[in-house]
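# Structural features, examined
Here is what each chain is made of, one letter per residue.
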There are 2 protein chains.
Amino acid sequence: MSHQPNIRDVAKVAGVSTATVSRTLKRPEKVREETRLKVMKAVEETGFVPNDLARMFRTRESRTVILLVRDISNPFYLDIYKGVEEEAFAAGYKVLMGDARDDDERITHYVDAVREGHADGLILMVGHFPKEMLVCPEKLPPMVVALEQIEHLELPTVRVDNVAAAREAVSYLIDQGHRRIVHLTGPLDEYLGQARLEGYRQALTQAKLPVDEALILPGDFSLNCGYQQMMKLQESGASFSAVFASSDQMAIGAAGALREKGLNIPSDVSLVGFDDTLIASVFYPPLTTVFQPRREIGRAAMALMVETLQSAGDGSDLPSDRLFPTQITVRSSVVSSNGGTRMSLGVN
Amino acid sequence: MSHQPNIRDVAKVAGVSTATVSRTLKRPEKVREETRLKVMKAVEETGFVPNDLARMFRTRESRTVILLVRDISNPFYLDIYKGVEEEAFAAGYKVLMGDARDDDERITHYVDAVREGHADGLILMVGHFPKEMLVCPEKLPPMVVALEQIEHLELPTVRVDNVAAAREAVSYLIDQGHRRIVHLTGPLDEYLGQARLEGYRQALTQAKLPVDEALILPGDFSLNCGYQQMMKLQESGASFSAVFASSDQMAIGAAGALREKGLNIPSDVSLVGFDDTLIASVFYPPLTTVFQPRREIGRAAMALMVETLQSAGDGSDLPSDRLFPTQITVRSSVVSSNGGTRMSLGVN
DNA sequence: TTGAAAGCGCTAACAC
DNA sequence: GTGTTAGCGCTTTCAA
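For every chain, the first residue of the written sequence is number 1, and numbering continues from 1 along that sequence. Numbering of ligands from 1 and lettering of chains from A proceed in the order in which they are written. Residues qualify for local features only when their pLDDT is at least 70, as the model is predicted, and side-chain atom pairs are given and counted only at 80 or more; totals for whole chains, interfaces and linings, by contrast, use all residues. The side-chain quantities take in all heavy atoms of the structure and omit both hydrogens and water.

UniProt positions are given in the numbering used here, feature names are shortened, and annotations may be inferred rather than shown by experiment. Under the feature "domain: HTH lacI-type" (unreviewed entry), the UniProt entry names residues 5–59 of chain A. Here residues 5–59 of chain A is 71% helix and 0% strand, with 21 Å between the C-alpha atoms at its ends. Only DSSP runs of H or I covering at least 4 residues are called helices, and only runs of E covering at least 2 are called strands; the numbering of each starts at the N terminus.

Here it is in structure tokens:
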């Protein structure tokens, strides 16, 4: 064997047919013990590694799924990935991670990757989907959604109750005496941004507090945007005593802007983030934030994917959604307010 | 076409041979304009997507490389990934990211992935390599190394001068008047840990300061380890005025331990990290750290990979190493020391 | 329980 | 410039 040995080399050495080698490797219970040992020995001897590409080509399944996320540089997704990978490994799948960068072209690219045979399915963690692809949904590859919700696309989904999560976070601030609470939102043309904003509104309404639209700052989850929006707000002269950001990254960006204007956290402004990423715990002061069980969410998403892939084979129904709880992680970035100096515009 | 159309369907619709379809798609300049248009139209009409698996299988190249990193949850690697991906995209390659978790088995797994045809090569960002695989180096797949150095493995490498980088960081602390400087090292059985420790020693020696082995704390780059080691050191009653950590994560862990003991950063203890990840800039106080041009390093590593893959084809020489500069990013976690209270053991 | 043989979809000689 | 053809390495009927 001068080169990578193939199944024929093994068959020759073992003195059996290629079919027998293939069977020995895939369904050992189907061959006689004696034959199996012969084949195993030949595999050992030749250093045979089955060409997975040939197998994938032949069976038309890659046993690979793609985890397509909003922004790969957000560490939030790393724990998701680990969960997905764990579950995938257990089910004999591989996982690739793709970076959508909120860009239709890249999303299309990953859908094509499935069509081209690179993967069997897509786990979506993006907030939208190219319109053109929605026109013939039957042409779409097997997909599941995690934590997001995509318009005009009904798919098995791993959910958390974003409305409730945001409502609780804001209620917590209200309980601490805050009345004028800024909300740095997620993208408002997508579910995640809308749902959390809805939670924010509900908390205020429930507490019979007015909603001041000037305190709602449209964002995109990024650190930089948190900084910019908070700068702008401060320059507008608005008064507030707390900020609820729809991501830890935005919270931290906002903190930078507040400090730059000489404000202290939490004594001048309280701050709540969302996601409970590592950054929240090492930030100073440690950031109060909303925790989502990322690892478990990842595992559940992959489990849903496996079910979907199976139900595509037999004609069974699509798997049903899974819901995970969120919870507030209380740290030190919130202090109680008694309606002091920074509340000049006051309460209704 | 009831199913995914294949190249034969297109050929039939266009009234040409499959070879012509293949050529039109791969080397359009080789077919007549008129034919090309016919084929393009047929492709459009049928909705043909070439089966990449079949192509990979046939040509025995996947045009994919795997970026294998020490720990995928370290955001440091995300910028590396982006650099690799940019360069890869330009060269028509795809990139997969793998998580070695410092584990021989997982590394072997990724080497096998190449053998199985999933990828053409491996970009290694790990500090060691399974011993068994080193015995027949000619069986190893095309590989390049970035930022690391693996014993008994000579490969094209993207380097930074870790000794100099660490020396400069420590010299900076010395210049600020610090005399008793703790070093939280990387893994000491690997190049990265050793080189930076060597830089630490050189800086002290150069300044004619003694090296106190008690201030050298073996680490593994992780946040948690930084915390634990610093806790232990403080309980031992050692005195020091500054800490140089071999990663931002350890620096931040150490900061947690220092604060827990009532020490302030930087007024009580100055702190220098390594890597200049996002976390360094959002940490409070903003962390002085050593910057490495991650994006460029990623690009260079992929460029090296492409060269390696080509030289494997023709018999040309392996590409030569590339060296990148590092530099200190000065923020606010270091203040000058005049040899005050926390320096009881004094200077030589 | 095993073997023979057909082919998955594509590419690349080679012939025309 | 284009068509014919022979596989790449594997799995999977089907027949023995």
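Okay, the packing of aromatic side chains next. A pair of Phe, Tyr and Trp rings is counted when the ring centres sit within 6.5 Å of each other, with Trp represented by its six-membered ring. The angle between the planes then sorts it: under 30 degrees is stacked, over 60 is edge-to-face, the rest tilted. Throughout the structure, instances matching the rule amount to 6 aromatic pairs over all chains. Both rings, one in Phe57 of chain A and one in Phe57 of chain B, keep their centres 5.0 Å apart while their planes meet at 35 degrees; by these two values the pair is tilted. Pair noted here: Phe57 of chain A is in helix α4 (residues 52–59) and Phe57 of chain B is in helix α4 (residues 52–59), and the two residues belong to different chains. Phe57 of chain A gets classed as partly exposed once you look at its relative accessible area, which sits at 30%. Aromatic side chains Phe244 of chain A and Phe274 of chain A sit 6.3 Å apart centroid to centroid with 50 degrees between the ring planes, which places their arrangement in the tilted category. Residue Phe244 of chain A is found in strand β8 (residues 242–245), and its partner Phe274 of chain A is found in the loop between β9 (270–272) and α12 (278–282); the two are separated by 30 residues along the sequence. Exposure is judged per residue with a 1.4 Å probe applied to protein chains only, and the accessible area is read against the type maximum: over 50% gives exposed, under 20% gives buried, and values in between give partly exposed.

With that out of the way, let us pick up the environment of Ser247 of chain B. Residues and elements named next belong to chain B. Positionally, Ser247 belongs in the loop between β8 (242–245) and α11 (248–260). Spatially, the C-alpha atom of Ser247 lies 19 Å from that of Glu296, the residues being 49 residues apart in sequence. Leave out the neighbours within four places in its chain, and Ser247 touches Phe221, Gly273, Phe274 and Asp275. A polar contact is formed between the side chain of Ser247 and the backbone nitrogen of Met250, at a distance of 3.1 Å. Every residue pair with non-hydrogen atoms within 4.5 Å of one another is taken to be in contact. Polar contacts here mean pairs of N or O atoms no more than 3.5 Å apart (in protein, one a potential hydrogen donor and the other a potential acceptor; neighbouring residues in sequence count only if both atoms are side-chain atoms).

Turning our attention to the pattern of salt bridges. Residue and element names in this part refer to chain A. Just to be clear on terms, a salt bridge is a Lys or Arg side-chain nitrogen sitting within 4 Å of an Asp or Glu carboxyl oxygen. For the coordinates displayed, the defined rule picks out 43 salt bridges over all chains. When the shortest N-O distance is used, the salt bridge between Glu86 and Arg299 registers 2.7 Å. Here Glu86 is found in helix α5 (residues 76–90), whereas its partner Arg299 is found in helix α13 (residues 294–313), with 213 residues between them in sequence. Taken together, the salt bridges that share partners define one network made up of Glu86, Glu87, Arg295 and Arg299.

Next up on the list: the domain arrangement of chain A. Per the domain assignment, the segments of chain A are domain 1 (7–59), domain 2 (61–159 + 294–324) and domain 3 (162–292 + 329–343). Spacing between the C-alpha centres of domain 1 of chain A and domain 3 of chain A amounts to 61 Å. Those domain boundaries reflect an automatic or database domain assignment.

Moving on to the nonpolar core. Most often, soluble globular proteins keep nonpolar side chains buried together rather than apart. Ranked by internal contacts, the top residues of the largest apolar core, which has 102 residues, are Met230 and Phe244 of chain A together with Met230 and Phe244 of chain B. Each residue touching Met230 of chain B, except ones within four places of it in the same chain, is listed here: Val182, Leu184, Leu217, Phe240, Val243, Ala254, Ala257 and Leu258 of chain B. In these notes, a set of buried Ala, Val, Leu, Ile, Met, Phe, Trp, Tyr and Cys residues joined through side-chain atoms within 4.5 Å is what counts as a nonpolar core. Judged by nonpolar contacts, the second largest core, of 60 residues, contains Val69, Ala301, Met305 and Val306 of chain A.

Right, let's talk about the protein's contact with DNA strand D for a bit. A single heavy atom is enough: if one lies within 4 Å of a molecule or strand, its residue is considered near that molecule or strand. What surrounds DNA strand D is a group of 26 residues, the closest being Ile7, Ser22 and Arg58 of chain A together with Thr20 and Thr35 of chain B. Counting only the atoms of DNA strand D within 4 Å of the protein, the fraction contributed by sugar and phosphate is 61%. One nitrogen or oxygen atom from the main chain of Arg32 of chain B is found 2.8 Å from a phosphate oxygen belonging to DNA strand D. Within the side chain of Arg60 of chain B, an N or O atom sits 3.1 Å from a phosphate oxygen of DNA strand D. Put simply, Ala, Val, Leu, Ile, Met, Phe, Trp, Tyr, Cys and Pro go in the nonpolar bin, Asp, Glu, Lys and Arg in the charged bin, and everything else, Gly too, in the polar bin. Its residues assigned to classes, the surface near DNA strand D comprises 10 nonpolar, 7 polar and 9 charged.

Moving on, we come to the interface of chain B and chain A. Accessible area lost during the coming together of the parts is what is often quoted as the interface size. With 36 residues of chain B at the contact, the number on the chain A side is 36 residues. Between chain B and chain A, roughly 3700 Å² of surface is buried when both sides are summed, and carbon and sulfur atoms account for 66% of that area. Joining chain B to chain A, the criterion identifies 5 salt bridges. A salt bridge links Glu85 of chain A to Arg106 of chain B; its shortest N-O distance comes to 2.7 Å. In this structure, the connection of chain B to chain A is made through 8 residue pairs in polar contact (both at pLDDT 80 or more). Tallied by class, residues from the side of chain B that touches chain A come to 18 nonpolar, 6 polar and 12 charged. Note: buried area is the sum, over both parts, of the accessible area (probe 1.4 Å) each one loses when the two are combined.

Moving on, we get to the pairing of strand β6 (residues 181–184) of chain B. Residues and elements named next belong to chain B. Side chains Ile181 and His183 project from β6 onto one buried face, and the interleaved Val182 and Leu184 project onto a second face that is buried too. As defined by bridge partners, β6 adjoins β8 across 4 bridges and the pair is classed as parallel. Across the sheet, residue His183 finds its bridge partner in β8, namely Phe244. Think of it like this: strands point away, you trace from the first strand over the helix to the second, and a clockwise trace means the crossover is right-handed. Handedness of the β-α-β unit built from β6, helix α9 (residues 191–206) and strand β7 (residues 216–217) comes out right-handed. The rule for pairing is simple: two strands pair if DSSP sees at least two bridges between them.

Of the transformation placing chain B onto chain A, the axial shift is 0.1 Å and the rotation is 180 degrees, giving an RMSD of 0.2 Å. In the structure described here, the two chain copies are related by an operation that fits a two-fold rotation axis. Interface overlap between copies is the fraction of interface residues in one copy that are interface residues in the other; for chain B against chain A it reaches 100%, indicating a shared surface. Overlaid copies result from least-squares superposition on C-alpha atoms, with residues included only where pLDDT is at least 70 in both.

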